[in-house]
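Chains, contacts and geometry: an overview
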Amino acid sequence: MKRIEADILSGLGEHEADQVLALGSPQQYSVGEVVFDLGDEARSLFLVRSGRVDLTLPLRVQGKEEDVAVEERVPGQMLGWSALVPPHRFTLKATVRADAEFLVFPREHLLEFFSREPGVGWRVMANVAAIMSQRFQVFQAMWLRQVQVTLEHQNA
Amino acid sequence: MQPLLMSLSLCLLGFAACVLIFAAASRGNEDEEEAGTNSPPLTKGEQFFLDEGLSPGPEPEEPEEEFLYRLRSYVRSERAAAKSFLDGPNVESLHAANDSPLEP
């Protein structure tokens, strides 16, 4: 299996990273396929090995619901951290934009491994926290900008 | 002399306007009376559609795909602006205008 640089494996040694990667099983998705939908129960973490994935939110546009991409994932990036964080529900929808292969990590496998290797578990969870933190900060800045735009419209 | 002529002109204009308004109002009353004698009174539902027919109606919708494209570009640009703000937080980058405005 070709080794990939993965954001959740940052800071791990080669042997430890290989141990984590061995917990995942490869899955192929074709363009247009939905990997998971907003609100679905999150049972697995996904690592993109190839292809491209859009993470979208539904917006009502001219009376119809449309998926609008707010993030994208490329090889080496993870999606589906909701699998590791209660209440284990996906907060975005993931749709394949270019044929993709994932390594899929069931939550139970990861948690069981982390309990045996707490040092590895701590590092992986710290990486997951960094990814979540970035999402939070980007959305917070986007929200602030929208509040500013609304205020400017009201004062115009 | 000039002020007198100006006053006279304004009076004539005002009189002409009054005549036009009175004529228009009288014609409206006649129409209403005719409508009252020749046609049954409008029910609430018919009145609703009559009003709707008189109104210009909603603005024509722009092509959906064009709007969606603009919306997606706007969100992408907002996200880039937010990331730029996080790279170097300052008030200017937080308030910088979006390069892909939502409104055309």
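About the cut-offs
- Sequence positions are assigned chain by chain, starting from 1 and proceeding in written order.
- Numbering of ligands from 1 and lettering of chains from A proceed in the order in which they are written.
- Two thresholds apply to this predicted model, a pLDDT of at least 70 for residue-level local features and 80 or more for giving and counting side-chain atom pairs, whereas whole-chain, interface and lining totals are computed over all residues.
- Here a helix means four or more residues in a row that DSSP labels H or I, a strand means two or more in a row labelled E, and each is numbered from the N terminus.
- To sort residues by burial, count the other C-beta atoms lying within 10 Å of each one's C-beta; a count of 20 or more means buried, 12 or fewer means exposed, and anything in between means partly exposed. C-beta atoms are built from the backbone.
- In this description, any two residues whose backbone-derived C-beta atoms lie within 7 Å of each other are considered to be in contact.
- Each axis is a line fitted through C-alpha atoms, taken for helices only over the stretch in contact, and angles between the N-to-C directions span 0 to 180 degrees.
- Throughout, the term roughly parallel applies to angles under 35 degrees, roughly antiparallel to angles over 145, roughly perpendicular to angles from 65 to 115, and oblique to all others.
- Each crossing is labelled by how the near helix is turned from the far one, with a counterclockwise turn of less than a right angle marking it left-handed and a clockwise turn marking it right-handed.
- Residues are grouped as follows: Ala, Val, Leu, Ile, Met, Phe, Trp, Tyr, Cys and Pro are nonpolar; Asp, Glu, Lys and Arg are charged; all remaining types, including Gly, are polar.
- By convention in this section, buried Ala, Val, Leu, Ile, Met, Phe, Trp, Tyr and Cys residues joined through C-beta atoms within 7 Å make up a nonpolar core.
- Confidence scores per residue from the predictor, reported as pLDDT, run from 0 to 100.
- One less than the number of residues in a helix, times 1.5 Å, gives the span that helix is expected to have.
- If DSSP finds at least two bridges between two strands, the strands pair.

**What to know about the overall build of chain B**
Of the regular secondary structure elements, chain B holds four helices and zero strands. Along the chain direction, N to C, the helices and strands of chain B fall in the order α-α-α-α. Relative to its full complement of 104 residues, chain B shows a buried share of 5%.

**So, the overall build of chain A**
Secondary structure summary: chain A contains three helices and six strands in total. Going residue by residue from the N terminus, the α and β elements of chain A occur as α-β-β-β-β-β-β-α-α. Burial analysis of chain A (156 residues in total) assigns 28% to the buried set. Sequence separation of 24 or more characterises 78% of the internal contacts of chain A that already satisfy a separation of 6 or more.

**Some thoughts on the packing of helix α3 (residues 118-155) of chain A against helix α3 (residues 64-87) of chain B**
Axis separation between α3 of chain A and α3 of chain B bottoms out at 8 Å; the angle between their running directions is 110°. Put simply, α3 of chain A runs roughly perpendicular to α3 of chain B. Note on packing geometry: the crossing formed by α3 of chain A with α3 of chain B is right-handed. For the pair α3 of chain A and α3 of chain B, the contacting residues are Q137, V138, A141, M142 and R145 of chain A in the first and E78, R79, A81, A82, K83, F85 and L86 of chain B in the second. Grouping the amino acids of the contact of α3 of chain A with α3 of chain B by side-chain chemistry returns seven nonpolar, one polar and four charged.

**Some points on the environment of V35 of chain A**
Residues and elements named next belong to chain A. Along the chain, V35 turns up in strand β2 (residues 34-36). A sequence separation of 60 residues divides V35 from T95, and the C-alpha atoms of the two residues are 5.8 Å apart. Excluding anything up to four places from it in sequence, V35 contacts Y29, F46, V53, A94 and V96.

**Some thoughts on the interface of chain A and chain B**
Of the residues lining the interface, 13 residues belong to chain A; the matching set on chain B comes to 16 residues. Within the residue set of the side of chain A that touches chain B, elements represented by two or more residues are β4 (64-73) and α3 of chain A. Each residue belonging to the side of chain A that touches chain B can be placed in one class, and the counts come to eight nonpolar, three polar and two charged.

**A look at the nonpolar core**
Of all hydrophobic cores here, the largest spans 33 residues; its most connected members are L45, F46, L47, V53 and M78 of chain A. Contributions of two or more residues to this core are made by α1 (14-21), β2, β3 (44-61), β5 (78-79), β6 (93-106) and α3 of chain A. Once residues lying within four places of it in the same chain are set aside, the contact partners of L47 of chain A are A6, I8, G24, M78, F102 and L103 of chain A. Listed in part, the five residues of the second largest apolar core include A141 of chain A together with A81, A82 and F85 of chain B.

**Some details on the confidence of the model for chain B**
Residues and elements named next belong to chain B. In this model, chain B carries a mean pLDDT of 64, and residues with pLDDT of at least 70 account for 39%. Across chain B, the secondary-structure element scoring lowest on mean pLDDT is helix α2 (residues 44-54), at 38, and the one scoring highest is α3, at 87. Within the model, pLDDT remains below 50 along residues 32-57, and this stretch shows two contacts once partners closer than five positions in the same chain are excluded. Quick note on the complex model: pTM equals 0.69, ipTM equals 0.74.

**Comments concerning unusual backbone geometry**
What is expected of a backbone is that most residues other than glycine have negative phi and most peptide bonds are trans. Residues and elements named next belong to chain A. The omega angle of the peptide bond from P86 to P87 is 10°, so this bond is cis rather than trans. With respect to the secondary-structure elements, P87 resides in the loop between β5 and β6. Of note in the backbone geometry, Q62 takes a positive phi value of approximately 50° without being a glycine. Looking at where Q62 falls in the secondary structure, it is placed in the loop between β3 and β4. Looking at Q62, the number of C-beta atoms within 10 Å reads 10, which means it is exposed. The backbone of H88 shows a phi angle near 60°, a positive value even though the residue is not glycine. Relative to the helices and strands, H88 is located in the loop between β5 and β6.

**Here we look at α3 of chain B**
For an α-helix the count is 3.6 residues per turn, leaving residues at separations of three or four pointing the same way. Between its terminal C-alpha atoms α3 of chain B stretches 35 Å, which fits the 34 Å expected from 24 residues at 1.5 Å a residue. Looking at α3 of chain B, one finds that the buried residues are V75, E78, A81, A82 and F85 of chain B. Residues of α3 of chain B that are buried in the fold lie against β4 and α3 of chain A together with α4 (91-95) of chain B.

**Points about the pairing of β6 of chain A**
All names here are of chain A. Bridge count for strand β1 (residues 25-29) against β6 is five bridges, and the pairing is antiparallel. Bridging across to β6, P26 finds its partner in L103. Note: β2 against β6, two bridges, orientation antiparallel. Among the inter-strand pairings, F36 is bridged to a residue of β6, identified as A94. As paired elements, β3 and β6 share eleven bridges and run antiparallel to each other. The partner of L55 across the bridge, within β6, is A94.

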